[in-house]
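This is what each chain is made of:
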Amino acid sequence: MITIDANSVEERKVTLFRKAVGDHIDAQATAEGFDSIVTAVTYADEPADQVNQAKGVALREWRSLCWEYCRTELTAWQSTGVEPVVEDLIAGLPVLITP
């Protein structure tokens, strides 16, 4: 009989949730014309390209809101024992508004 360590199962689920959120964030950055969120946020402090700078600022702020929401949901899971569903977690993320 195989024993499954509950903590390791929970850790794998948290990793899955974080990956889903990260993938969503990257997809939104790609939809705005960047190759990833990492590239997008580098433009936030780039005054030579005002269009991408404004998008970079918006994406950087939105990324922070998304991760805060994710942390809140994962903390709620720990305190209530009610496991979030990945699709619901993604659906509950803040909406990106870019200039």
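Residues numbered from 1 in each chain as written. Predicted model: local features only at pLDDT ≥ 70, side-chain atom pairs only at ≥ 80, totals over all residues. Heavy atoms only, no water.

1. Observations concerning the overall build of the protein
Right, on to step 1. Counting its secondary structure elements, the protein contains four helices and zero strands.
Right, on to step 2. Ordered by position from N to C terminus, the α and β elements of the protein give α-α-α-α.
Right, on to step 3. Structurally, the protein occupies a C-alpha span of about 60 × 25 × 20 Å along its principal axes.
Right, on to step 4. The buried share of the protein, taken over its 99 residues, is 28%.
Right, on to step 5. Charge centroids of the protein, computed over 8 positive and 16 negative side chains, lie 3 Å from each other. (Helix = DSSP H or I, 4+ residues; strand = E, 2+ residues; numbered from the N terminus. Buried < 20%, exposed > 50% of the residue type's maximum accessible area, 1.4 Å probe, protein only. Lys, Arg positive; Asp, Glu negative; His and termini not counted. Charge placed at Lys NZ, Arg CZ, Asp CG, Glu CD.)

2. A closer look at the state of the cysteines
Right, on to step 1. In this structure the tally under the stated criterion is zero disulfides.
Right, on to step 2. In this model C66 remains outside any disulfide bridge; the closest cysteine sulfur is found in C70, 9.1 Å from its own.
Right, on to step 3. Accessibility expressed as a relative area gives 2% for C70, which makes it buried. (Disulfide = S-S within 2.5 Å.)

3. With respect to the confidence of the model for the protein
Right, on to step 1. Taken over all residues, the pLDDT of the protein has a mean of 92, while the share at 70 or more is 93%.
Right, on to step 2. Averaged pLDDT values over the elements of the protein bottom out at 90 in helix α1 (residues 6-31) and peak at 97 in helix α2 (residues 37-42). (pLDDT = per-residue confidence, 0-100.)

4. A look at the pattern of salt bridges
Right, on to step 1. According to the stated counting rule, one finds five salt bridges in the structure shown.
Right, on to step 2. A salt bridge links E83 to K13, with the shortest nitrogen-to-oxygen separation between them at 3.0 Å. One end of the pair, E83, is in the loop between α3 (50-80) and α4 (86-91); the other, K13, is in helix α1, with 70 residues separating them in the sequence.
Right, on to step 3. Its relative accessible area of 36% is what places E83 among the partly exposed residues.
Right, on to step 4. Note that D45 is salt-bridged to R60, the shortest N-O span being 3.5 Å. Placement of D45 in the loop between α2 and α3 and of R60 in helix α3 is noted, with a sequence separation of 15 residues between them. (Salt bridge = Lys/Arg side-chain N within 4 Å of Asp/Glu carboxyl O.)

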